[in-house]
Each structure stands twice: as C-alpha cells, then as structure tokens.
Amino acid sequence: MTGADEYLLDTPVVRGFVARVRAAIAAAASPAAACEAIRPGFAALLEDPDWLPARFRAGDPDSGMGGGIGQWLLFRAGDRSLSLFALVVPPGAQTPVHDHLAWGLVGLYQGTQDEEIFSEAVEPVERRALVPGDFYALLPPRDDIHRVRTTSAETSVSIHLLTNDTGCVWRHAFDPETGAAQPFRSGYVNVACEED
C-alpha cells in the first residue's frame, strides 16, 4: 500500500518531528540505533505541554480496546511504515494484554500509568509505574507484549511512534490467565481502517 502521508494533526511541530524521525531511521544501522537517535526529539515532544490539542486527549466509548480507551492517529506514512498516535486511557481503565508487531518509542504525556510487561509466553516479567516524560523503546520480541492501566485521577495520554499502522494492523490480544491469543485490531477514533 502506497499513498500520500496523512497528517491528522498538521502542525509545524508534528511535521518537523516526523521529518527528523525519518532522517534518523534512514541513517540508522538498526532499529535500536534509530530509537537511540530519536530519543531527544521524542523527549522534547513529551515535555511540550502545548503541541497536543484537547480533542486528541479524549476517550472513546466505542473503542476497539474497550473501557472508553481512545486511540487518536496523528500521523501515518503513505506506505504505512510509520505512525504517530495518542493513546487515551480513562482513570481506572486498562488495555487488554496486547502486542504491537513493530518497533519504536512509547512515552507518557499526561497522567500516570502502571505498565505490565509480559514474555512471549504471556507470563508477567516486569511492572513499572510511569509518570509524564517517562518513555521506552519497543524492540520486539523484547517488551512487545504488555498492558497499561491508568492510575491517576486524570485520564492518561501516551504517545506512540511505531513502525507500522498500529491501529489498523491485525495484532494479538492475549488472555493473561491462559496465554491464548486472539486477533485484535484496536482501530483509531478519527480514522477508519480499510476492510480486509
């Protein structure tokens, strides 16, 4: 699939960030090196309180993730090789245990979260408390399976920069008790996914 890039949040901040990310990916010898090169710009995005409008911080009662969780597409490459989106999780809500099938960076912009990381065998391996400004690299298969829960009284918003069209690709949701996987597509609040 090749088409025009989509900027659902078309601002100089987002365009500049995406341009720097693409340059870093093109110059990097590996996904880990690309993530390392992108880190300073991603940190600056998380620290800027003004770049993400309020409409992209709202939940979605009809979410593919359930619990009123909203996933807002901000940018998507025409070839679907890169996406930037905001994941909005209301207080007390949590995502299903899920994978991403992509590498990139994920960081907390607003609120607080508890993240549980699972092994490929869907066994809990780590739990961490996240505050605004915290971020980490996803480099599958390590750390690709997780779930997050908002622990603050305010809605949490995390920013994801991943190397696929995360909301529209078919991924996996996992039963944390049995490890059973089922097809999962989270979707976006503001853009429909093409039917398969």
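Below, the structure is looked at part by part. (Residues numbered from 1 in each chain as written. Predicted model: local features only at pLDDT ≥ 70, side-chain atom pairs only at ≥ 80, totals over all residues. Heavy atoms only, no water.)

## Remarks on the packing of aromatic side chains
Consideration 1: What the rule picks out here adds up to six aromatic pairs.
Consideration 2: Measuring from centroid to centroid gives 5.3 Å for Phe-42 and Phe-135, while their planes differ by 70°, and the two rings are edge-to-face. Highlighted residues: Phe-42 in helix 2 (residues 31–47) and Phe-135 in strand 8 (residues 135–138), separated in sequence by 93 residues. The pair Phe-42 / Phe-135 is uniform in exposure class, with both members buried. (Phe/Tyr/Trp six-rings, centres within 6.5 Å; stacked < 30°, edge-to-face > 60°. Helix = DSSP H or I, 4+ residues; strand = E, 2+ residues; numbered from the N terminus. Buried < 20%, exposed > 50% of the residue type's maximum accessible area, 1.4 Å probe, protein only.)

## Notes on the environment of Arg-39
Consideration 1: For Arg-39, the position within the fold is in helix 2.
Consideration 2: Judged by its relative accessible area of 29%, Arg-39 is partly exposed.
Consideration 3: Taking C-alpha positions, Arg-39 is 8.9 Å from Phe-135, a pair spaced 96 residues apart along the chain.
Consideration 4: When residues no more than four places from it in sequence are discounted, the contact partners of Arg-39 are Leu-105 and Phe-135. (Contact = heavy atoms within 4.5 Å.)

## Concerning the sheet that holds strand 2 (residues 70–76)
Consideration 1: On the basis of which strands lie adjacent, the open sheet formed by six strands has the order 1-2-3-10-5-8 and antiparallel pairing. This sheet does not close on itself; its edge strands, each paired only once, are strand 1 (6–7) and strand 8.
Consideration 2: Where helix 2 meets the sheet, its contacts fall on strand 5 (104–110), strand 8 and strand 10 (156–162), and the angle it forms with strand 5 comes to roughly 15°. (Pairing = 2+ DSSP bridges. Axes fitted to C-alpha atoms, helices over the stretch in contact; angles between N-to-C directions.)

## Observations regarding the pattern of salt bridges
Consideration 1: Tallying each qualifying case throughout the model produces twelve salt bridges.
Consideration 2: Arg-76 is the salt-bridge partner of Glu-6, the closest N and O atoms lying 3.0 Å from each other. Residue Glu-6 is located in strand 1, and its partner Arg-76 is located in strand 2; the two are separated by 70 residues in the primary sequence.
Consideration 3: Judged by relative accessible area, which is 4%, Arg-76 ranks as buried.
Consideration 4: Among the ionic pairs, Arg-15 bridges to Asp-10, the shortest N-O distance being 2.5 Å.
Consideration 5: Exposure remark for Arg-15: the relative accessible area of 40% places this residue in the partly exposed category.
Consideration 6: Among the charged side chains, a salt-bridge network with shared partners connects Asp-114, Glu-116, Arg-127, Arg-147 and Arg-149. (Salt bridge = Lys/Arg side-chain N within 4 Å of Asp/Glu carboxyl O.)

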